[in-house]
Amino acid sequence: MRIEYVWLENKMILRKSKSDPEVNDKKYTISGYVLDKNDGETLIGATILVEELGVGTIANAYGFYSLTLPVGNYTLKYSYIGYDSQSKSVTLQSNRNINVNLEFSSSLLQEVVVTVDDSVQTVDRVHSNVTQLSNTTILQKPSVLGEPDVIKSLDILPGIQLFNDGSTFFNVRGGNRDQNQILVDEAPIYNPAHLLGLFSSFTPEAIKDIKIYKGTAGADFGGRISSVMDIHTKDGNMKNFHMNGRLGLVTTQLSLEGPIAKDRSSFFLSGRRSYIDAFLSNDDFDEFYFADITGKINLKLNDNNRLFLSVFSSNDEYINNEGLAWKNIAGTMRWNHTFNDRLFANTTLYSSKYEYQLISGPGQVWSNHIANASLKTDFTFYRNPISTHKFGFKLSGHNFNPGNQEGNENAPFVPKRNATEFSLYFSNERQLSSRWLLTYGFRLSTWTNFGRTIEYTINDEYQVTDTTTYEDRSSYNDYSNLEPRIKLTHIVNDKNFLTFNYARSAQYINLISNSISPFNNLEVWLPASINIQPQTADQISLGWTYKRKQWQFNLEGYYKAMQNQIDYANQAELLLNPHFEAEIRSGKGTAYGLEAIISKQVGKLTGSISYVLSRSTRQIEGINDGKAYAALSDRPVQFSLNTVFQKSQRSTLSGTLMILSGSPVTTPTSFYQYAGRTVPIYSEKNNDRLPTYHRLDLGWSYRLNKVERKFDHFLTISFFNFYGQKNSVLRSFNKIVLEDDTIVVPTEINNPEALQATHRFVYQVVPSISYSFRL
């Protein structure tokens, strides 16, 4: 007998379930898609609640849902944040296909009553350990030069830290920046930066959904050990043609979408380009711009099959005989197939490439790249409302060029690398009782290096002792890892939820860079191989969520142990060095912390307050005398306040306050005099910190038209770093140039023999204005 509970006047009432899906033989399935009524976009994460049973489900990443129930009469309630709920009465005597179109709510400013379906969605988000970031949040957040920024909006989330001003590098829970996986329609993007990191390469107008997993993703995700950022772009309006655009101080953006065949197929196309080069003469730069394009075609072949074709491209060029350029390009083909009412499959074929070029003169180009092509299939089997199985596999081929000089026969040749990767996974999400949810599973990954390439044998003294050449397609090195995942959620009552998560993850590709500059795009990617072991991490977290009406409080503690972490020998030579693996050192890392956030998502005043206490260290043989030292991502205190005030239906005010511990730096511990010069002595790695980082951003958006008009246009004014704080990004003891062009070494006034540190900052207050429209 199945027991369920209901809450009545703050008391738990136990009762015999009206229907027990485990023992009733007569069961049928209700399945379908949840869509936006106005444009036909699928609504990822929509809630479907069976009111009579108090059970429900969540629409998947393609808006598909499935519920298997005993014969009977039911009321299904369909809900999605920001949309009006819809109820349907269903007499279930056979399998039913029900597609539901929800309408965007016209009363977003009103306070709402939290209902049972809100609790279903809360439980799903708590249990999946996922954070969602909407494009509305991104567009409302004040930004640099009026450019809404997907990556830089992450700094309002606890546990995610941007490296510094002017950078898109970010660290998650004490990990390195290459340990974060960024997916756009399932294809990996390796460098999401424009203009050396001043802007990210994603435009929020092109994005439908963003989910961030901070270390405990499902078994269907793999390849990185710190986080996953899963971005789904818009499918395109299947009903009507629409257009939106934005004109800012440095870029212009335009998006087009509409039906190819109404209710059967659609397209979406969004492009952005900077026009900084319009203000530069041809003598300054031959090329000085950045641009990105996002496109998709959405085809509904029939009731059981859908096809999505996606493309993403970003390009940066800053060249005048000399200069640099980089680009990302990714293409994806996804096929959704419904085998029956309970078995859903998605097959994806994608290719992705990142290429970087450093131009030192005519015909002199240093170039490197990372590229891959992958085929993957994911299955979801909805056994019944309390049990869902996910399983699948992925096969990938990888190609690496660590960097070679084109047009120079005398330059040393750095061998290119190739590898294949195969993984399979299984997971089961199961409701153990009315109070307990369990998801368990595993991911099995294998990695194989193959030729043609050259590998070097390196001894314990980090000296090259031998060279081996491997012929085309010959495999020579293998790794495999079993990656178990467990998530357990206890529903204390309708307001309190406790969670336990454990995940083991493996990473086979590595970013090789010993620069601490926030603006360095000079990146080399390398595979795990004979001399580089795959990175692994084990993370455990415990969390508590309290939800009351429109307020939610989350408290989570975590501990992460990382193996085979990479650092470098002093003065390591990584550019044009065939033996650069001899410069690499590896060891272990540790990260732990406590994250708290209070959020409010409905009403005129929304936003969040978060506070984090954390530490992250590395201990690597040959570095810092073998002693543990602070990782570059070690910033113990993080505070953020993000607010949005909907003053009226036409006026919105927003603000963000950030306070963050300074990043670790290595500074001299003493000095000595030699030949009349002051020479610094460095005895410890990352023994000091930059000053505390803090800033306040303010923004105001005003709708220029009346709400009932079809043509919407907005004026947005923002002040990034409102009070002009000079946040340090670099500290050095180098010579500086005075206003009269005199070159001096800064010293202390009272002690001329002691060098004085100098600091560099990116910007003070940055005012901006932008205009946007949609129709």
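Residues numbered from 1 in each chain as written. Predicted model: local features only at pLDDT ≥ 70, side-chain atom pairs only at ≥ 80, totals over all residues. Heavy atoms only, no water.

Some remarks on the pattern of salt bridges
Here is step 1: The tally for this structure, following the rule as stated, stands at 32 salt bridges.
Here is step 2: By sharing partners, the salt bridges in this structure join Glu41, Asp185, Lys208, Asp235, Lys296 and Arg334 into a single network. (Salt bridge = Lys/Arg side-chain N within 4 Å of Asp/Glu carboxyl O.)

Brief notes about the side chain of Ser265
Here is step 1: Residue position: Ser265 is located in strand β22 (residues 265-274).
Here is step 2: Those residues in contact with Ser265 that sit more than four places away from it in its chain are Met238, Pro259, Ile260, Asn298 and Leu299. (Helix = DSSP H or I, 4+ residues; strand = E, 2+ residues; numbered from the N terminus. Contact = heavy atoms within 4.5 Å.)

What about the nonpolar core?
Here is step 1: Counting 39 residues, the largest nonpolar core has Trp447, Ile512 and Trp525 as its most contacted members.
Here is step 2: Those elements that provide at least two residues to this core are β23 (287-302), β25 (322-338), β26 (343-361), β27 (364-384), β35 (509-512), β36 (524-527) and β38 (551-568).
Here is step 3: With residues near it in sequence (within four places) discarded, Trp525 still touches Asp178, Tyr190, Tyr354, Ile370, Phe400, Ile509, Asn510 and Leu511.
Here is step 4: Within the second largest apolar cluster, 24 residues are counted, among which are Val172, Val184, Phe202 and Tyr350. (Core = buried A, V, L, I, M, F, W, Y, C linked by side-chain atoms within 4.5 Å. Buried < 20%, exposed > 50% of the residue type's maximum accessible area, 1.4 Å probe, protein only.)

Comments concerning a nonpolar patch on the surface
Here is step 1: On the surface, Phe393, Leu395, Phe422, Leu424, Phe442, Leu444 and Leu482 cluster together to form a nonpolar patch covering roughly 560 Å² of accessible area.
Here is step 2: Mapped onto the nonpolar patch, the elements with two or more residues apiece are β28 (387-406), β29 (417-431) and β30 (436-450).
Here is step 3: Along the chain, Phe393 falls in strand β28. (Patch = residues over 30% accessible without salt bridge, like charges linked within 9 Å, V, L, I, M, F, W, Y side chains within 5 Å. Areas by Shrake-Rupley, 256 points an atom, 1.4 Å probe, with all protein chains shown as cover.)

Points about the side chain of Arg585
Here is step 1: Take Arg585: it is sitting in strand β39 (residues 584-600).
Here is step 2: In this structure Arg585 is buried but unpaired, with Glu583 as the nearest side chain of opposite charge at 5.4 Å.
Here is step 3: A polar atom in the side chain of Arg585 sits 2.8 Å from the backbone oxygen of Ala582.
Here is step 4: Residues in contact with Arg585, not counting those within four places in the same chain, are Tyr462, Gln565, Ile566, Asp567, Tyr568, Ala569, Ile620, Glu621 and Ile623. (Lys, Arg positive; Asp, Glu negative; His and termini not counted. Polar contact = N/O pair within 3.5 Å; in protein donor to acceptor, adjacent residues only side chain to side chain.)

A word on the environment of Phe393
Here is step 1: Classification of Phe393 as partly exposed rests on a relative accessible area of 33%.
Here is step 2: Ignoring any residue separated from it by four or fewer positions in sequence, one finds Phe393 in contact with Leu375, Lys376, Thr377, Phe422, Ser423, Leu424 and Tyr425.

Examining the sheet that holds strand β19 (residues 227-233)
Here is step 1: In space, the five strands of this open sheet follow the order β11-β18-β19-β14-β15, with mixed pairing throughout. For this open sheet the edge positions go to β11 (130-132) and β15 (187-188), each flanked by a neighbour on one side alone.
Here is step 2: Of the strand pairs in this sheet, strand β14 (residues 180-184) and β15 are connected by two bridges, and their pairing is antiparallel. Of the residues in β15, the one forming a bridge with Leu183 is Pro188. (Pairing = 2+ DSSP bridges.)

A few points about the packing of aromatic side chains
Here is step 1: Taken as a whole and judged by the stated rule, the model has 28 aromatic pairs.
Here is step 2: Among the aromatic side chains, those forming a connected cluster through ring pairs are Tyr33, Tyr62, Phe64, Phe308, Phe344 and Tyr382.
Here is step 3: The side chain of Arg306 reaches across the aromatic face of Tyr33, ending 5.7 Å from its centre.
Here is step 4: Against the face of Tyr462 rests Arg585, its NZ or CZ located 3.5 Å from the ring centre. (Phe/Tyr/Trp six-rings, centres within 6.5 Å; stacked < 30°, edge-to-face > 60°. Lys NZ or Arg CZ within 6 Å of the ring centre and 35° of its normal.)

Observations concerning the pairing of β25
Here is step 1: Summarising the sheet, strand β24 (residues 305-320) and β25 pair through 16 bridges and their orientation is antiparallel. Bridge pairing links Phe308 to Arg334 in β25.
Here is step 2: Where β25 lies against β26, 16 bridges are found, and the strand directions are antiparallel. The partner of Ile329 across the bridge, within β26, is Lys353.
Here is step 3: Hairpin connection between β25 and β26: a loop of four residues separates the two successive antiparallel strands.

Digging into the sheet that holds strand β8 (residues 86-92)
Here is step 1: The strand order across the open sheet built from four strands is β5-β4-β7-β8, with neighbouring strands paired in antiparallel fashion. The open sheet terminates on both sides in strands that have one partner only, identified here as β5 (55-58) and β8. The average undirected angle you get between the axes of adjacent strands in this sheet is 20°. (Axes fitted to C-alpha atoms, helices over the stretch in contact; angles between N-to-C directions.)

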